[in-house]
Amino acid sequence: MLQPTADWIGPGQSAVLIAVLGLATLGTLALFFVAAASTRRRRSRPYVLLTAAIGLLVLRSVVGIGTVLGSVPMVVHHLTEHGFDFLIALLVLSAIYAVSPPTVPD
């Protein structure tokens, strides 16, 4: 059974949390590759911004796994995760702003 090195979580809980974080990482990584392929195809600023935001989601999951395994201290985890939340929101809003408005026929 998985033995956490962090003192805030027990062995049973850490196994479940690692499984959930592992699935989240795989899912967001797959989404990141789709976004990267779309960005390469479209080559536009909004696509780049959204791909970067999805990349930060992948990194959030990696930080979470590191925290469960005791590699990332809880304080660093919180600062990183909330910093990533802010950056993700900023990137998504920037992507929305970067999309040109549709032209309205007269």
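Since the structure is predicted, the reported quantities are computational estimates derived from the model, not experimental observations.

Novice: How should I be thinking about the overall build of the chain in this particular structure?
Specialist: If you tally the helices and strands in the chain, you get three helices and zero strands. Rg of the C-alpha trace for the chain: 18 Å, well past the compact-globule value of 13 Å for 106 residues, more than 25% over. Over its C-alpha atoms, taken along the principal directions, the chain stretches across nearly 65 × 25 × 20 Å. By element, 71% of the accessible surface of the chain is carried by carbon and sulfur atoms, the whole surface being about 7200 Å². Separation between the mean location of the 6 positive side-chain charges and that of the 4 negative ones in the chain comes to 19 Å.

Novice: In this structure, what is going on with the pattern of salt bridges? I would like to understand it.
Specialist: Think of it this way: side chains of opposite charge can pair up when their charged atoms draw near. All told, the structure shown has two salt bridges when counted by the stated rule. With a shortest N-O distance of 3.0 Å, Arg 60 and Glu 81 are connected by a salt bridge. Residue Arg 60 is located in helix H2 (residues 45-68), and its partner Glu 81 is located in helix H3 (residues 74-98); the two are separated by 21 residues in the primary sequence. On the basis of relative accessibility, which here comes to 9%, the residue Glu 81 falls in the buried class.

Novice: Help me understand the nonpolar core, please; the structure alone is not making it clear to me.
Specialist: For soluble globular proteins, the rule of thumb is that nonpolar side chains tend to be buried together. In terms of nonpolar packing, the biggest core is built from nine residues, these being Leu 49, Ala 53, Leu 56, Val 63, Val 72, Phe 84, Ile 88, Leu 91 and Ala 95. Secondary structure elements with two or more residues in this core: H2 and H3. Aside from chain neighbours lying at most four places away, what touches Leu 56 is Phe 84, Leu 87, Ile 88 and Leu 91.

Novice: In this structure, what is going on with the UniProt feature "transmembrane region" (unreviewed entry) in the chain? I would like to understand it.
Specialist: Listed under "transmembrane region" (unreviewed entry) in the UniProt record, and renumbered for this structure, are residues 15-35, 47-70 and 82-100. A helix fraction of 100% and a strand fraction of 0% characterise residues 15-35, whose end C-alpha atoms lie 30 Å from each other. Secondary structure across residues 47-70 comprises 92% helix and 0% strand; the distance between its end C-alpha atoms is 35 Å.

Novice: For this particular structure, what's the right way to read the environment of Ile 18?
Specialist: With respect to the element layout, Ile 18 can be found in helix H1 (residues 11-42). In this structure Ile 18 comes out as partly exposed when scored by relative accessible area, which is 22%. Residues Ile 18 and Ile 65, 47 residues apart in the sequence, show an inter-C-alpha distance of 6.3 Å.

Novice: Quick question: what am I supposed to make of the packing of H2 against H3 here?
Specialist: For any two helices packed against each other, the geometry is given by the interaxial angle and the distance between the axes. The interhelical angle for the contact between H2 and H3, taken along N-to-C directions, is 165°, at an axis separation of 9 Å. The angle between H2 and H3 falls in the class roughly antiparallel. The way H2 lies across H3 gives a crossing that is left-handed. Looking at the contact of H2 with H3 residue by residue, the classes come out as 17 nonpolar, five polar and four charged.

Each value, and the rule that gives it
Residues numbered from 1 in each chain as written. Predicted model: local features only at pLDDT ≥ 70, side-chain atom pairs only at ≥ 80, totals over all residues. Heavy atoms only, no water. Helix = DSSP H or I, 4+ residues; strand = E, 2+ residues; numbered from the N terminus. Rg over C-alpha atoms; globule rule 2.2 N^0.38 Å. Areas by Shrake-Rupley, 256 points an atom, 1.4 Å probe, with all protein chains shown as cover. Lys, Arg positive; Asp, Glu negative; His and termini not counted. Charge placed at Lys NZ, Arg CZ, Asp CG, Glu CD. Salt bridge = Lys/Arg side-chain N within 4 Å of Asp/Glu carboxyl O. Buried < 20%, exposed > 50% of the residue type's maximum accessible area, 1.4 Å probe, protein only. Core = buried A, V, L, I, M, F, W, Y, C linked by side-chain atoms within 4.5 Å. Contact = heavy atoms within 4.5 Å. UniProt positions renumbered as here; feature names shortened; annotations may be inferred. Axes fitted to C-alpha atoms, helices over the stretch in contact; angles between N-to-C directions. Parallel < 35°, antiparallel > 145°, perpendicular 65-115°, else oblique. Left-handed = near helix turned anticlockwise from the far one by under 90°. Nonpolar A, V, L, I, M, F, W, Y, C, P; charged D, E, K, R; others polar.

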